[in-house]
Amino acid sequence: MNTTEKVIFEQFPYWEKAIGANTSVEGAELLVFVGCGTSYNLALSLAAYANMSGRKAIAVPGAEWQSRPSAFWSDWQATHVIALSRSGETTETVAAAKASRKAGAFVTAITVEAESSLARNCDRLVTSETHPQEGIVMTVSASLMVLLGMQAIGQPIPGSIGASARKLANALDAVLPTIIADRSHFVFLGGGPLFGVALEGALKLMEMSQTMTQAFHPLEYRHGPISLVDEKTAVVMLYSSDQKEAEVKLVEELREKGAAVIGIGGPGDVGLPIDVDLSLTGLLVLPALQILGERVAQARQIDTVSPRHLTKVVKLA
Ligand code: F1P
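Within each chain, residue numbers correspond to sequence positions counted from 1 in written order. With pLDDT at 70 or above as the cut-off, local features in this predicted model cover only qualifying residues; side-chain atom pairs require 80 or more to be listed or tallied, and sums for whole chains, interfaces and linings still use all residues. Computation of side-chain values: all heavy atoms of the structure, hydrogens and water removed.

We note that Q210 has phi near 50 degrees; this positive angle belongs to a residue other than glycine. Even without a glycine there, the phi angle at H309 is positive, about 65 degrees. Only runs of H or I of at least four residues qualify as helices and only runs of E of at least two qualify as strands under DSSP, and these elements are numbered from the N terminus. Here H309 is to be found in the segment after helix 12 (286-299). Working definition: with a 1.4 Å probe on protein chains only, accessible area under 20% of the residue-type maximum means buried, over 50% means exposed, and in between means partly exposed. Residue class for H309 comes out exposed when judged on its relative accessible area of 74%.

Structure, rendered in structure tokens:
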């Protein structure tokens, strides 16, 4: 077992330590979730969750919020910026936090590095301990930042979530060898708060296994992208309880066209049940998506401990 795989399966005790921290974010301002790469994908899901719980929220990539905030929102002072960064050192995210504070916004940082630049340039720090062996590919920290972000917007996290997530990851792992064999085109579908998570599944698999991946809101997939589906396609459908009927029909169509479908929370060539509702699904599925990336990489004999062209932090000169 390589270190990436080990860390994915050893992440759950760190979840337990992060559960229950009093991190709630009050106020009626617009919440602007900011991040880069994985952290931006997580920001998208957290913003959707915040909107669903009655807040007002958007997600913006770090560089965009720093350089052209007016393309997203007109009044910085009426915002509460929640900057996500595992390292706390990503140039664009740190710059976005600094610029936001200078313009009068309140900045909360969510990071696992309590001594980082981002931690020093925020008004409020939300942090928790991560696995010391986590490498370049972000796994346990991604889960932890979603957990901390959910808590910050008032979502209680049950102590059983780690056991449920582990069960799902193990169930997926058991069926992966057959389902990924001979598949080279991977598609991740998720709606609402699961869209950011679908993007994250796609990014994870792409960077771990050097495979082309795509992510869409489920019903968007018929509007063009479906032209690529054939016997080389594997689809991960992250079912959302409120749109399941429409998503089931889409999956039937994709299977008819040759795709092998992993249904998480609903049917597919493999259908994996989940035991939480939509409010927690975005967190629950992350370890399963991480192990999918690792297994595809292993099948292609790619070492995820040193992924091609990637570094743990992107720092711009
Ligand atoms: C953001 C990030 C990662 C990506 C890569 C480079 O890092 O873009 O998502 O996988 O390793 O950095 P961070 O701001 O969360 O530390």
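Attention shifts here to the environment of W15. Within the element layout of this structure, W15 appears in helix 2 (residues 12-18). Taking relative accessible area as the criterion, W15 reaches 1% and is therefore assigned buried. Sequence separation between W15 and L189 is 174 residues, and the spatial gap between their C-alpha atoms is 25 Å. Here, two residues are considered to be in contact whenever any of their heavy atoms come within 4.5 Å of each other. Contacts of W15, omitting those with residues within four sequence positions, involve S143, L144, L147, I161, G162, A165, L283 and P287.

To continue, consider the state of the cysteines. For this text, the term disulfide refers to a pair of cysteine sulfurs within 2.5 Å. Throughout the structure, instances matching the rule amount to zero disulfides. C122 supplies the cysteine sulfur nearest to C36, a cysteine that is in no disulfide, at a spacing of 16 Å.

All right, on to the site of the ligand then. Taken together, 14 residues form the shell around the ligand, and within it S39, S85, R86, S87 and T90 come nearest. R86 places a polar main-chain atom, nitrogen or oxygen, 2.7 Å from an oxygen atom of the ligand. Within the side chain of E207, an N or O atom sits 3.4 Å from an oxygen atom of the ligand. Here the Shrake-Rupley method, with its probe set to 1.4 Å, supplies the accessible areas, and only the displayed protein chains count as covering residues. The fraction of the free accessible surface of the ligand (390 Å²) that becomes covered by protein chains is 94%. By convention in these notes, a residue is near a molecule or strand provided one of its non-hydrogen atoms lies within 4 Å of it. Whenever a nitrogen or oxygen atom comes within 3.5 Å of another N or O atom, the pair is scored as a polar contact, on the condition that within protein one atom can donate a hydrogen and the other can accept it, and that pairs from neighbouring residues in sequence are kept only if both atoms are in side chains.

Our next topic: the sheet that holds strand 3 (residues 79-84). Pairing in this open sheet of five strands is parallel, and the strands run 2-1-3-4-5 from one edge to the other. What marks the edges here is a single partner per strand, and that holds for strand 2 (57-61) and strand 5 (124-127). Taken pair by pair, the neighbouring strands of this sheet meet at an average axis angle of 20 degrees, ignoring direction. Direction of pairing for strand 1 (residues 30-35) relative to strand 3: parallel, over a ladder of five bridges. Looking at the pairing, L30 lines up with T79 of strand 3. To get an axis, a line is fitted to the C-alpha atoms, and for a helix only the part in contact is used. The angle between two axes follows their N-to-C directions and goes from 0 to 180 degrees. In the packing of helix 7 (residues 140-152) onto the sheet, the strands contacted are strand 3, strand 4 (106-111) and strand 5, and the crossing angle to strand 4 comes to about 140 degrees. When DSSP finds two or more bridges between two strands, those strands count as paired.

Following both chains from N to C, one finds helix 3 (residues 38-52) and helix 9 (residues 194-209) inclined at 165 degrees, their axes separated by 7 Å at the closest point. For the element pair helix 3 / helix 9, the angle class is roughly antiparallel. Crossing of helix 3 over helix 9 shows left-handed handedness. Residue-level inspection shows T38, N41, L42, L44, S45 and Y49 of helix 3 in contact with helix 9, the latter providing L194, G196, V197, L199, E200, L203 and K204. Residues of the contact of helix 3 with helix 9, tallied by class, amount to seven nonpolar, four polar and two charged. The cut-offs work like this: below 35 degrees is roughly parallel, past 145 is roughly antiparallel, 65 to 115 is roughly perpendicular, and the gaps in between are oblique. Whether a crossing is left-handed or right-handed is set by the direction in which the near helix is turned from the far one by less than a right angle, anticlockwise for left-handed and clockwise for right-handed. Here the term charged refers only to Asp, Glu, Lys and Arg, the term nonpolar to Ala, Val, Leu, Ile, Met, Phe, Trp, Tyr, Cys and Pro, and the term polar to all other amino acids, Gly among them.

With respect to the helices and strands, the residue L125 is situated in strand 5. Relative accessible area serves as the criterion here: at 35%, L125 is assigned to the partly exposed category. A C-alpha to C-alpha distance of 8.7 Å links L125 and V107, two positions 18 residues apart in sequence. If we ignore the near neighbours within four places in the chain, the residues touching L125 are A109, T111, A114 and A119.

Looking now at helix 12. Expected helix span is computed as 1.5 Å times (number of residues minus one). With 14 residues, helix 12 should cover 20 Å at 1.5 Å per step; its first-to-last C-alpha distance of 20 Å lies within 8% of that length. For helix 12, the complete set of buried residues consists of L286, P287, A288, L289, Q290, I291, L292, G293, E294, R295, V296 and A297. Of the residues trailing helix 12, Q301 is marked for its positive phi of about 55 degrees.

In an α-helix, one turn spans 3.6 residues; hence positions three or four apart end up facing the same way. Under the 1.5 Å per step criterion, the end-to-end length of helix 10 (residues 244-256) is 18 Å for 13 residues, consistent within 8% with the ideal 18 Å. Packing partners of the buried residues in helix 10 comprise strand 6 (185-190), strand 8 (233-238) and strand 9 (260-264). Just downstream of helix 10 lies G258, where phi reads positive at about 110 degrees.

Among the nonpolar cores identified, the biggest contains 75 residues, and F33, F188, L238 and L292 are the most heavily contacted of them. Here this core takes nine residues from helix 7, the largest share from any one element. Built from parts of two domains, this core gets at least three residues from each of domain 1 (3-152) and domain 2 (161-299). Non-local contacts of L238, meaning those with residues more than four positions away in its chain, are made with L189, G190, L194, V197, A198, E247, I264, V285 and L289. Residues grouped as a nonpolar core are buried Ala, Val, Leu, Ile, Met, Phe, Trp, Tyr and Cys residues, joined through side-chain atoms within 4.5 Å. Within the second largest apolar cluster, 16 residues are counted, among which are L30, W65, A105 and V107. Boundaries of every domain are those given by an automatic assignment or by a domain database.

Note on definitions: salt bridges are taken to be side-chain nitrogens of Lys or Arg within 4 Å of carboxyl oxygens of Asp or Glu. Throughout the structure, instances matching the rule amount to 11 salt bridges. A salt bridge links R68 to E64; its shortest N-O distance comes to 2.6 Å. Look at E64 and you get partly exposed, because its relative accessible area is 24%. The residue E253 makes a salt bridge to R222 at a minimum N-O spacing of 2.7 Å. Separated by 31 residues along the polypeptide, E253 in helix 10 and R222 in the loop between strand 7 (213-216) and strand 8 bring together distant segments of the chain. Here the residues in one salt-bridge network are E5, D173 and R295, joined through shared partners.

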